[in-house]
Amino acid sequence: MLVEGKWTADWHPVQATDAKGGFVRQISGFRNWITPDGSAGPTGEDGFKAEAGRYHLYVALICPWASRTLIGRALKKLESAITVSVVEPALSDQGWRFGNYPGSDKDLINGATYLHEIYTSADPVYTGRATVPVLFDKHRRTIVNNESADILRMLNTGFGSLADESIDLYPDHLRADIDALNDRIYPMLNNGVYRAGFATTQVAYEEAFADVFAMLDELEARLEGQGPFLFGECLTEADIRLFVTLIRFDAAYNGLFKCNLRRLADYTRLSHFLDRVLDIPGVRGTVNIDHIKRGYYSIRALNPTGIVPVGPQLPFRHA
Ligand SMILES: N[C@@H](CCC(=O)N[C@@H](CS)C(=O)NCC(=O)O)C(=O)O
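J.: Help me get a handle on the pairing of strand β3 (residues 55–59), residues and values and all.
T.: Taken residue by residue, a regular strand's side chains alternate between the two faces of the sheet. The element β3 is extensively covered by neighbouring structure, given that 5 of its 5 residues are classed as buried. The alternating pattern of β3 places Tyr-55, Leu-57 and Val-59 on one face and His-56 and Tyr-58 on the opposite face, and all of these are buried. One ladder, built from 5 bridges, connects β3 with strand β4 (residues 82–86); its direction is parallel. Directly across from Tyr-55, in β4, lies its bridge partner Ile-82. Assessed by its sense of winding, the connection that carries the chain from β3 through helix α1 (residues 64–75) to β4 is right-handed. Judged from the 4 bridges that link them, β3 and strand β5 (residues 134–137) form a sheet pairing that is antiparallel. Bridge assignment links His-56 to a residue of β5, and that residue is Phe-136.

Encoded structure:
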């Protein structure tokens, strides 16, 4: 991670744990918002007006949080307004790196080799992890925001008529319910798999494991009652946030993160949900199972040999 702008030690997935050995995820540091008129959003400062060609997303295709933003960009038809660079899937000793691995890019915006250079270019004394996604302002040459939950929301409404306004991923009448569901799915499942995978004690692992499968069981029952999406016919950001975890489940979390009570493929409704979301135009192109497997299995703390499993055979058609 970066300490006062300097890369300090070899990359390691766990840099903070709670008293029980549970994995603690860092709070994102850049929290400005793009808005149609450049006024300030709910956090941060003003001056980030929606403009075609001004903003850039740095993402990793292995990363569920970054993938949320790629899906939001595709669904809101902002591909030509917001440019993207994809880092290499394998984590290097200095974290995310740009390069030639198939499906990855060089950094044509800042000419960086490592993502942490983007952080120090925005804040020369930055302390924290250099995470994806990063939403970068090419005009002010700084980071707008590095929190995917915020970025997904600003893609939904911050770009005004530059985006497809017929699609609303966070409709007024569902906001409270979406927030309430997100607040449960995130700790138990989205971050729950990481809590299982990066636990440093048996008790922390078992607690996370129980949460993951309790939530999958609950969501399977919910979709049986009111599918095809979490709020019926209306696709919302809650579906995107669920999808990015489910699509990685059998390829990475079931094996590497030891979330192996059941496979996702064993859940009928959740598997249909996955296919349904994959079939939405623009979504499939954000999924790269090779990056996902190669990326997760490159985490040496969990897989010292770096061997990437050949299986499992995945039932869905993927990019
Ligand atoms: N709160 C952030 C979390 C992002 C995050 O943890 N990204 C991971 C990849 S899945 C990362 O970049 N990790 C690099 C590191 O921790 O050094 C968000 O949702 O945007």
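J.: Quick rundown of the nonpolar core? Include the residues and the values.
T.: Formed by 103 residues in total, the largest nonpolar core has its most connected members in Leu-189, Leu-216, Phe-243 and Tyr-296. Sort the elements by how many residues they give to this core and helix α7 (residues 237–253) lands first, with 11 residues. Apart from residues lying up to four places away in sequence, Phe-243 is in contact with Ile-71, Phe-273, Leu-274, Val-277, Leu-278, Val-283 and Val-287.

J.: Help me get a handle on the side chain of Glu-147, residues and values and all.
T.: With respect to the helices and strands, Glu-147 occurs in the loop between β6 (142–145) and α3 (148–157). This buried residue, Glu-147, is left without a salt bridge; Arg-68 holds the nearest opposite charge, at 4.3 Å. In terms of polar contacts, Glu-147 uses its side chain to reach the backbone amide nitrogen of Ala-149, at 3.0 Å. In this view, Glu-147 contacts Ser-28, Phe-30, Arg-31 and Arg-68; residues no more than four positions away in its chain are not counted.

J.: Describe α1, and please don't skip the residues or the numbers.
T.: Residues three or four positions apart in an α-helix share a direction because the helix packs 3.6 residues into each turn. The terminal C-alpha atoms of α1, which comprises 12 residues, lie 16 Å apart, in line with the 16 Å expected from a rise of 1.5 Å per residue. Burial runs high along α1: 12 of the 12 residues are buried. For α1, the complete set of buried residues consists of Pro-64, Trp-65, Ala-66, Ser-67, Arg-68, Thr-69, Leu-70, Ile-71, Gly-72, Arg-73, Ala-74 and Leu-75. Of the residues trailing α1, Lys-77 is marked for its positive phi of about 55°.

Rules behind the numbers
- Residues numbered from 1 in each chain as written.
- Predicted model: local features only at pLDDT ≥ 70, side-chain atom pairs only at ≥ 80, totals over all residues.
- Heavy atoms only, no water.
- Buried < 20%, exposed > 50% of the residue type's maximum accessible area, 1.4 Å probe, protein only.
- Helix = DSSP H or I, 4+ residues; strand = E, 2+ residues; numbered from the N terminus.
- Pairing = 2+ DSSP bridges.
- Right-handed = clockwise from strand over helix to strand, strands pointing away.
- Core = buried A, V, L, I, M, F, W, Y, C linked by side-chain atoms within 4.5 Å.
- Contact = heavy atoms within 4.5 Å.
- Lys, Arg positive; Asp, Glu negative; His and termini not counted.
- Salt bridge = Lys/Arg side-chain N within 4 Å of Asp/Glu carboxyl O.
- Polar contact = N/O pair within 3.5 Å; in protein donor to acceptor, adjacent residues only side chain to side chain.
- Expected span 1.5 Å × (residues − 1).

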